[in-house]
Amino acid sequence: MVHVYNCHPYASQQIVQVEQEPGLVCCGGGALFVVTTGGCKVEAYSLDLPGCPLICRFATMGTVRSIQHSNIGDYLVTIEEKNSATYLRAYTNWRYQAEEKARVGVRLLGHLLRGASQRGGAQMEIIEIPLSERPVAVACCSLTGDLLVGCDKTLVLFTLRRQNQQNLQNVQQPSNTQLNSSQSRDQSTHQNGSFLDFERSAILHVAGTKPKQVALCAGYVAMQADLEVLVLKLDTTPEAEDLDESLEAPRNDQADDQTDFLLIPRHQELLGERAKDCNVPITMEKTGLEDGGRNSFSYVLFRRFTPDYFQGCSVEETHLHSLKLHPLFTSQSPVDEPTCVFCFFSLPTAGYLYSLKGGVELLSAYQYPEKVLEAVLTDHLLHVVTKSALQCFTVRCAAVAARFEDPYIDTTMRACPPSALEVCALRMQLFIGLRSVCAYGRHVILLSTADTEAPEESERNTQRRSLSKKWTISAPRVSNPVGHGWNLYVVDTVSPLTLYKEMVEYSQHYAQTNMQAQSLWHLLSEAHLLLRAALLQPSSPQQHPSNGDPADGRSEAQVIVQTGRQELEEALRENSAQLGDCFSRGSHRSCHLALPYYRMSGLSVSDVMARNRPQPSDPHSHNPGFLFYLKHYLLEETDQHLSQEAADELIDIFSQTEPSQLINVCASPTMINVNPARTLRILQHLEDTTGVSVALTITMATMLLRLDDLSQYTQLMERHAEMVLVYGFIEEPRLLLQGGDTNIYPTALTQQMVKSQPGVLVAAMVALHENNKIDLKQVDVMFKVLDCEHSLQVDFWEAMLMASSQDAVIQELLFRLSSVYIDRLMQTSSDKLQHKPIARRSLKSADDLINSCTHYGALYPWLTVLSPPHTTGSQHQEAFYKMQSLLCGPSLSVTSVTPLLESLSENNVWGFSLHLLCATRRGQYGYSIEQLLDRCPQAIIAYANHHLQDTHMALWWQKLLPELCSRTRAATDNSILLAALKETLVVVAMETSPAEFLELVPDDGTASYFLPHLLTCSQRHLLA
């Protein structure tokens, strides 16, 4: 379906003063090229100057049957006929003919001229391009200047080269969107002594169809027959020895047997990889000039139509035309790589636009109201000509390019009308006898020729198919001059911003009648895409030297471009607000689009609320899109705070439409200025209606806290058990924390719970972390803001250690807790406290943690012997016990704690016991035995009984017994050492044989002291 509107995309028109009747027309490089009737003369007119003055004229070597211009290289290529032979020629340096220099050089492809060309190249050159077949169609790549020639059975690709006396270089030119002065570029090129030439780079043999038109752009090759279109993608692959010499599509083996029959092809559309099944065999021939690789191709698109009589077109008249590959650049695309490439072709009654990059897709199908002779595609619009009218349609190129450039489109952040949006016709402008159309920038060039030879044909064509009533037909502004039956018009299109403003004005007609009308949404979407197309174009085109004040740093052209872009951006924001209004009142299926469009508009919530107030007749009716926007806005973490009036209005809106959302609304940080007393009454009414809920109770307590009613607040918070309150915070975490990432901050309720319910607060934080509502960094920020870094934060880490099952989190918490415990012990051992003193007891004691958390191990028995008789404070004693318990547990990595313990001295008992624990965990039992015997020998037997077991049992007689013997010999009156020696001998006697025991007895030992243990060992051995 094609929507029809009465807009004015055309601003003005002028007639080019051509002396002879035009035959062929093309444009490019700021010039209009006219081949006069007879086909042996080309005239160039300037499109950039008023009145389109003549630039130059020159004669061709034959009758021109086809002409194309390339912006890259600023050359013309023609297909000419002379003496029943067809030639392909390229005309370079044609602008020198404006200086009335008759000198023209003619040369073959690949051959440089001597003399004048070498000295400066200040002459027009005609390059003869030999071909083995008759050329039928020709096309130039707008990005590289390469040349594609279509012959009866082949497609030949020529690469544009810059050639000089030393070497051959590739052309390095910007994209066609950045070309503003072909003449100055061409002159500078020849001043540098380089010349344009072509090199045959690829030959594609085509079977089963004959090309009528070709197109080339960004490596894509398009070929059009009478009723078929085939698009290929050329690539360069590394040379491979096992690669086949040709790549062919599957052929139909029955084709040769059906030559005696008239075959009507069936309609067919093959996209992407399926296009290789099109039964059009393609073979690539090597040219021998491949640069370090091998040319290859892939099928991209194939479309075949069935000839039919339709809308006044006979079967003979039904054939394709206007094939074009159209690139679209954006501000983020490289100079030589377009963001998107589109393929357009047309039947007399319908046109088709495909997107090729990122997946082949049919974007739009244009249904024409009458037979179309030719069409031309631009970034913003599609212009088509019939026998008597110029028509203008919208395109969807910007919708595709916008999604390539911005990944946030089609999310809750940003939106854009879909690429499948139905197209619309903007205008039908009447002319007489139109024959062809072409476009350059904002110029549309029309060639008209009055047809007086067949009045019956003219009469038949004027009996067009009945049009929609919305079509408005306007007469041409300039009448046909008397004296000849042809005209060449240059019609200028209005700027996108001007056309946008007219569309907005046009849409008001629908807005006054029905705000939910589809035509209103469609027209505003068309206006949006128009602005998108203008904004997607590169904002910093190639600039000419500035003539303004050099101190300003910007040229006048740059200022104009920047100002125009700002106007477009402002218009886009205005249009987004209008689209947001449409979707806020739309159906439930599309109401979600109100959110991204309102965000793109930059409107505040108060502004959006003012645009969506209900009618006085139904004050409680609010649109679904508006409510969707409000709910998502209230879920955002933003620094913007609503005024009391706006916040109270929001409470009223949700209390009337969705009362269940009131808890989320009240928890939003934007609602900080809401009236607490009024909101409390509404919440109490909700509780009376729906019943008691934990989250609702906490929300009501928050309002009481804002009213400084602590007694009622305490009563409400004590209504539910502590763990039940935790579930309420899981349901709505913003009751405790607001903000996002590292900008998180606690609410007033959180600050109150630090004083009154710290245990509930810690449990809630643990639950939120385990439910992926917050992370450790956010909790750290919160406790830092609360100034609880050395109290509640440590309690949270200990509670997290009990609840968490993630190994990475557990190791992080163990390291943090070890740091805190050691830091507290250092405060005790130093006369000068380096940190803030602890104001309260921990929520969990060491015994609680040992009994409830597997990461805290029971203290080793020998540690009780090392415990100091008194401490400076119970909190520091708790820290010491907790650190010992972590080292006795199975989870703490000793290597991670060792650097922390280096700052703790071994001179005191705490430091000594912790260092000894670390040495034992590392398996340094010999060192630990020596340290214990030196510092606390009364603990040696308990240490040995606990650690010297199983595989370490031999240390009793290998390390402990010799150490005790040597130390007892030096201190014979040391009862502790004697008792330890006695206990050690008992163990050794039980674990060794008599012979082994005798070997362990020292040579100078007293026999009477060791004989009882030897007797015990012997008896045990005999009994065994």
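Remember, predicted model here, so these are calculated numbers, not experimental data. (Residues numbered from 1 in each chain as written. Predicted model: local features only at pLDDT ≥ 70, side-chain atom pairs only at ≥ 80, totals over all residues. Heavy atoms only, no water.)

Caption draft 1: Local environment of the nonpolar core. Formed by 179 residues in total, the largest nonpolar core has its most connected members in Leu-446, Phe-729, Met-765 and Phe-796. Not counting chain neighbours up to four residues away, the residues in contact with Phe-796 comprise Val-762, Met-765, Val-766, Leu-776, Val-779 and Phe-783. If you look at the next biggest cluster of nonpolar residues, it comprises 49 residues, including Cys-141, Leu-155, Phe-329 and Leu-356. (Core = buried A, V, L, I, M, F, W, Y, C linked by side-chain atoms within 4.5 Å. Buried < 20%, exposed > 50% of the residue type's maximum accessible area, 1.4 Å probe, protein only. Contact = heavy atoms within 4.5 Å.)

Caption draft 2: Structural view of the pattern of salt bridges. This model, assessed by the stated rule, comprises 32 salt bridges. A salt bridge links Arg-967 to Glu-963, with the nearest nitrogen and oxygen atoms 3.2 Å apart. With a gap of 4 residues between them, Arg-967 and Glu-963 both fall in helix α29 (residues 955-970), about one helical turn apart. For Arg-967, a relative accessible area of 21% corresponds to the partly exposed category. Overlapping salt bridges, with partners in common, bring together Glu-930, Asp-934, Lys-959, Glu-963 and Arg-967 in one network. (Salt bridge = Lys/Arg side-chain N within 4 Å of Asp/Glu carboxyl O. Helix = DSSP H or I, 4+ residues; strand = E, 2+ residues; numbered from the N terminus.)

Caption draft 3: How the structure looks around the packing of aromatic side chains. Going through the model one piece at a time under the given rule, you end up with 23 aromatic pairs. An angle of 75° between the planes, with centres 6.3 Å apart, marks the rings of Trp-521 and Phe-583 as edge-to-face. Note that Trp-521 is positioned in helix α6 (residues 518-536) and Phe-583 in helix α7 (residues 556-584), a separation of 62 residues in sequence. Trp-521 gets classed as partly exposed once you look at its relative accessible area, which sits at 22%. When the centroid spacing of 5.9 Å and the interplanar angle of 35° are considered together, the rings of Phe-880 and Tyr-881 count as tilted. We classify Tyr-881 as partly exposed; its relative accessible area is 27%. An aromatic cluster of at least three residues, connected via ring pairs, comprises Phe-305, Phe-345, Tyr-352 and Tyr-354. The lysine or arginine in question, Arg-89, covers the ring of Tyr-87, its NZ or CZ lying 4.5 Å from the ring centre. (Phe/Tyr/Trp six-rings, centres within 6.5 Å; stacked < 30°, edge-to-face > 60°. Lys NZ or Arg CZ within 6 Å of the ring centre and 35° of its normal.)

Caption draft 4: Fine view of the sheet that holds strand β31 (residues 434-440). Pairing in this open sheet of 4 strands is antiparallel, and the strands run β2-β34-β32-β31 from one edge to the other. Edge positions in the sheet fall to β2 (10-15) and β31, since each has one partner strand and no second. Each strand of the sheet is rotated relative to its neighbour by a mean of 20°, with strand direction disregarded. For β2 and strand β34 (residues 486-493), the ladder comprises 5 bridges, and the chain directions are antiparallel. In the sheet register, Gln-13 faces β34, and the bridge partner there is Val-491. (Pairing = 2+ DSSP bridges. Axes fitted to C-alpha atoms, helices over the stretch in contact; angles between N-to-C directions.)

Caption draft 5: Structural view of the confidence of the model for the chain. Residue-level pLDDT values for the chain average 83, and 83% of them are 70 or greater. Across residues 831-837, confidence stays below pLDDT 50; counting only partners more than four residues off in sequence or on other chains, it has 7 contacts. (pLDDT = per-residue confidence, 0-100.)

Caption draft 6: Local environment of the pairing of strand β27 (residues 372-377). Relative to strand β28 (residues 381-386), β27 runs antiparallel, the two being bridged by 5 bridges. Counterpart to Ala-375 in the pairing with β28 is Val-384. Hairpin connection of β27 to β28: 3 residues between the antiparallel strands.

Caption draft 7: View of the sheet that holds strand β4 (residues 31-36). Spatial ordering of the open sheet is given by β3-β4-β5-β6, a layout of 4 strands whose pairing is antiparallel. A single partner strand is all that each edge strand has here, and the edge strands are β3 (22-28) and β6 (54-59). Within this sheet the neighbouring strands show an average axis-to-axis angle of 20°, counted without direction.

Caption draft 8: How the structure looks around unusual backbone geometry. Non-glycine residue Asp-410 carries a positive phi angle of around 70°. As for its position among the elements, Asp-410 is in the loop between α3 (397-405) and β30 (424-430). Since its relative accessible area comes to 52%, Asp-410 is described here as exposed.

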